[in-house]
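Architecture and fold: a report
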2 protein chains.
Amino acid sequence: MSVAVSGDGLPRQHARRTSISEATVARLPVYLRVLAGFADGGIATVSSEQLAVAAGVGPAKLRKDLSHLGSYGTRGVGYDVDYLIYQISRVLGLTQHYSVVIVGVGNLGHALAGYAGFGTRGFRVAALVDADPARVGETIAGLEVQHVDELETIVKEHEVSIGVIATPASAAQDVCDRLVACGVTSVLNFAPVVLNVPEQVDVRKVDLSIELQILAFHEQRKSLSAQAAR
Amino acid sequence: MSVAVSGDGLPRQHARRTSISEATVARLPVYLRVLAGFADGGIATVSSEQLAVAAGVGPAKLRKDLSHLGSYGTRGVGYDVDYLIYQISRVLGLTQHYSVVIVGVGNLGHALAGYAGFGTRGFRVAALVDADPARVGETIAGLEVQHVDELETIVKEHEVSIGVIATPASAAQDVCDRLVACGVTSVLNFAPVVLNVPEQVDVRKVDLSIELQILAFHEQRKSLSAQAAR
DNA sequence: GACCGTTTGTGAACTCGTGCACAAAGCGGT
DNA sequence: ACCGCTTTGTGCACGAGTTCACAAACGGTC
Ligand SMILES: NC(=O)c1ccc[n+]([C@@H]2O[C@H](COP(=O)([O-])OP(=O)(O)OC[C@H]3O[C@@H](n4cnc5c(N)ncnc54)[C@H](O)[C@@H]3O)[C@@H](O)[C@H]2O)c1
Ligand SMILES: NC(=O)c1ccc[n+]([C@@H]2O[C@H](COP(=O)([O-])OP(=O)(O)OC[C@H]3O[C@@H](n4cnc5c(N)ncnc54)[C@H](O)[C@@H]3O)[C@@H](O)[C@H]2O)c1
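Residues numbered from 1 in each chain as written. Chains lettered and ligands numbered in written order. Predicted model: local features only at pLDDT ≥ 70, side-chain atom pairs only at ≥ 80, totals over all residues. Heavy atoms only, no water.

Moving on, we come to the packing of aromatic side chains. All names here are of chain B. This model, assessed by the stated rule, comprises four aromatic pairs over all chains. Ring geometry for Y72 versus Y83: centroids 5.5 Å apart, planes at 85°, classification edge-to-face. Residue Y72 is located in the loop between helix 3 (59-67) and strand 4 (79-80), and its partner Y83 is located in helix 4 (residues 81-92); the two are separated by 11 residues in the primary sequence. Its relative accessible area of 9% is what places Y72 among the buried residues. Under the relative-accessibility criterion, Y83 is labelled partly exposed at 38%. Look at Y98 and F123: their rings are 5.8 Å apart centre to centre, the planes differ by 25°, and that puts the pair in the stacked class. Placement of the pair is Y98 in strand 5 (residues 98-103) and F123 in strand 6 (residues 123-130), with a sequence separation of 25 residues. Here Y98 matches F123 in class, with each residue buried. (Phe/Tyr/Trp six-rings, centres within 6.5 Å; stacked < 30°, edge-to-face > 60°. Helix = DSSP H or I, 4+ residues; strand = E, 2+ residues; numbered from the N terminus. Buried < 20%, exposed > 50% of the residue type's maximum accessible area, 1.4 Å probe, protein only.)

On to the protein's contact with DNA strand D, then. Not every one of the 25 residues close to DNA strand D is listed here, only the nearest: S48(A), R63(A), Y79(A), R27(B) and R75(B). Within 4 Å of the protein, the contacting atoms of DNA strand D are 65% sugar and phosphate, with bases supplying the remainder. S48(A) places a polar side-chain atom, nitrogen or oxygen, 2.5 Å from a phosphate oxygen of DNA strand D. A distance of 3.4 Å is found between a base nitrogen of DNA strand D and a side-chain nitrogen or oxygen belonging to R63(B). Per-element accounting of the surface near DNA strand D gives the leading share, four residues, to helix 3 of chain B. (Near = heavy atom within 4 Å. Polar contact = N/O pair within 3.5 Å; in protein donor to acceptor, adjacent residues only side chain to side chain.)

For the pair chain B and chain A, the relating rotation is 180°, the translation along its axis is 0.0 Å, and the fit reaches an RMSD of 0.1 Å. Interpreted geometrically, this transformation is the action of a two-fold axis. When you check the interface residues of chain B against chain A, 100% turn up at the interface there too, and the contact is symmetric in its surfaces. (Least-squares fit on C-alpha atoms with pLDDT ≥ 70 in both. Contact = heavy atoms within 4.5 Å.)

Among the 25 residues in the neighbourhood of DNA strand C, the closest are listed as R75(A), S48(B), R75(B), G76(B) and Y79(B). In DNA strand C, atoms within 4 Å of the protein come from the sugar-phosphate backbone in 67% of cases. Here R75(A) contributes a side-chain N or O atom positioned 2.8 Å from a base nitrogen of DNA strand C. In the model, a phosphate oxygen of DNA strand C is placed 2.6 Å from a nitrogen or oxygen of the Y79(B) side chain. For the surface near DNA strand C, the secondary structure elements donating two or more residues are helix 1 (22-40) and helix 3 (59-67) of chain A together with helix 3 of chain B. Looking at which element gives the most residues to the surface near DNA strand C, the answer is helix 3 of chain A, with four residues. Classifying every residue of the surface near DNA strand C gives seven nonpolar, 10 polar and eight charged. (Nonpolar A, V, L, I, M, F, W, Y, C, P; charged D, E, K, R; others polar.)

Let's shift gears to the pattern of salt bridges. Residue and element names in this part refer to chain B. Tallying each qualifying case throughout the model produces 16 salt bridges over all chains. Across the salt bridge formed by R27 and D65, the nearest N and O atoms sit 2.7 Å from each other. Here R27, found in helix 1 (residues 22-40), pairs with D65, found in helix 3; they are 38 residues apart in sequence, far enough to count as distant. Of the two residues, R27 and D65, neither departs from the other in class, the shared state being buried. (Salt bridge = Lys/Arg side-chain N within 4 Å of Asp/Glu carboxyl O.)

With that out of the way, let us pick up the environment of Q50(A). All names here are of chain A. Tracing the sequence through the fold places Q50 in helix 2 (residues 48-55). A residue is classified by how much of its surface remains accessible, and Q50, at 41% relative accessible area, is partly exposed. For the pair Q50 and G78, spaced 28 residues apart in sequence, the C-alpha separation works out to 9.5 Å. Not counting residues up to four positions away in its chain, the partners in contact with Q50 are F38 and T45.

Residue and element names in this part refer to chain B. Spatial ordering of the open sheet is given by 7-8-6-5-9-10-11, a layout of seven strands whose pairing is mixed. The open sheet is flanked by strand 7 (139-140) and strand 11 (202-205), the only strands paired with a single partner. With two bridges connecting them, strand 7 and strand 8 (residues 143-147) associate as antiparallel partners. Bridging from a neighbouring strand, I140 pairs with L143 of strand 8. (Pairing = 2+ DSSP bridges.)

Written as structure tokens, this is what we have:
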């Protein structure tokens, strides 16, 4: 593997020639969480075997995933927990901070606003907005709900890069368009609709009803095969 | 394509020889939702092109997905909306009803309990349980919160097949073990932990923090390439 | 009934992701 | 300095999933 030496004299792997696969990126946060657990437990080094078991993946897959972000491991020993945490954080972009705006403060929006998990890894809920005048002014988790018309001002002022949509499905596309128009380039959508966005905007969806239907499919498969065995 | 005739005289495609791929199963609920929208709008038939656009996938992928569940389409015309809804529902196992138990009625559990989307497609919230005695007895969306020790009784009585975990991460594995011990074979996990379950149990996870970190990765990628262009 | 434009269903090529197996590399003990 | 044990990093084969491209099928029209 080729190694470049940067100005400060520290060796620096530039494995950022080939981009990391989407499947790998989706697993890195899991590794990160598991590693954080090890670090809390005072464990200094882990083998790919241990990490793999804790993360629920195969050891080979784990090693291949990690190899995509550089060669940070010691043969015969394993990985240094703290160093690996740092490297994964760096690759995922968690060394920066991201401001999040939550749009739609209903049942779900309330839960999200109060969710402690946001703050833990570089994400900060900058504002809560809703279209319902009755909700505007309410304070949740230390934040006052603002009107959705303030969206552009809020996004500009707090340099919001991630928008979370927790409105009814009927309003989601409209809200998304407004977010994109304000310059938001990442959207996390909880509403059960397929959002249309320009090329450069990333959308990820969390869809409870789809998850349930996938489970239903497997339930049926299980009960059918149980029936066939009879 | 071979066609079998069942006892009742109706022609019945037995495309259920080969199992449907996981990727396809994950998209079927999306098609179903889009189709429901078309049906509401009074549209009787759709082409793969129309459906694909509405579902946010390519037309070829859509046709291949649908072909996996039989040959329900008319060349030169398209698909009959109602019939396709029925067929997808059948394949996904939504013609049956599933009872769901929600474990952990905190911020998120509250939102889930009140979520209308549960009832719409054959899923029924049979019970809410929590470990906190202060929460037991509270009524949410017409259901009284019961103690988690009642879990086994509840699962047996309501024939619960799907368990939703909305407890803190520290309690999730324990709750999961108890659900599995009661005979629950599908779990939807909102807690940020990797659950260990026996082979025959399906687990799906919804993990907000992972989604955010994936978005962060792409945000970083975007800002880096913008910087490189400068 | 033959023709024509349309749309499905699907083989085939291709890309992407996974798992195996092993050589290279490090560490500790002698 | 050597040896043996452990574990990484990766080449390779394989399977899953996607995309292309087109023949076969259908409805409508003459
Ligand atoms: N509650 C859940 O557990 C749950 C689970 C999965 C998905 N969802 C989805 O999440 C979304 C929200 O669910 P909920 O239960 O919180 O609904 P809700 O009706 O309780 O809340 C929706 C909120 O959005 C606000 N809103 C409506 N239009 C708006 C607009 N144009 N701009 C800004 N705010 C607007 C409303 O005033 C309301 O406060 C829905 O799409 C739902 O399908 C909810
Ligand atoms: N709030 C959110 O928006 C959000 C988003 C994503 C993920 N999550 C995750 O969902 C889970 C719940 O989040 P929350 O905000 O509702 O937390 P919460 O603390 O408000 O609620 C947790 C509930 O679980 C109950 N509980 C604890 N141990 C239990 C046990 N052994 N059996 C049954 N019930 C038990 C508690 O009494 C409490 O009522 C957490 O793991 C959290 O990380 C929450």
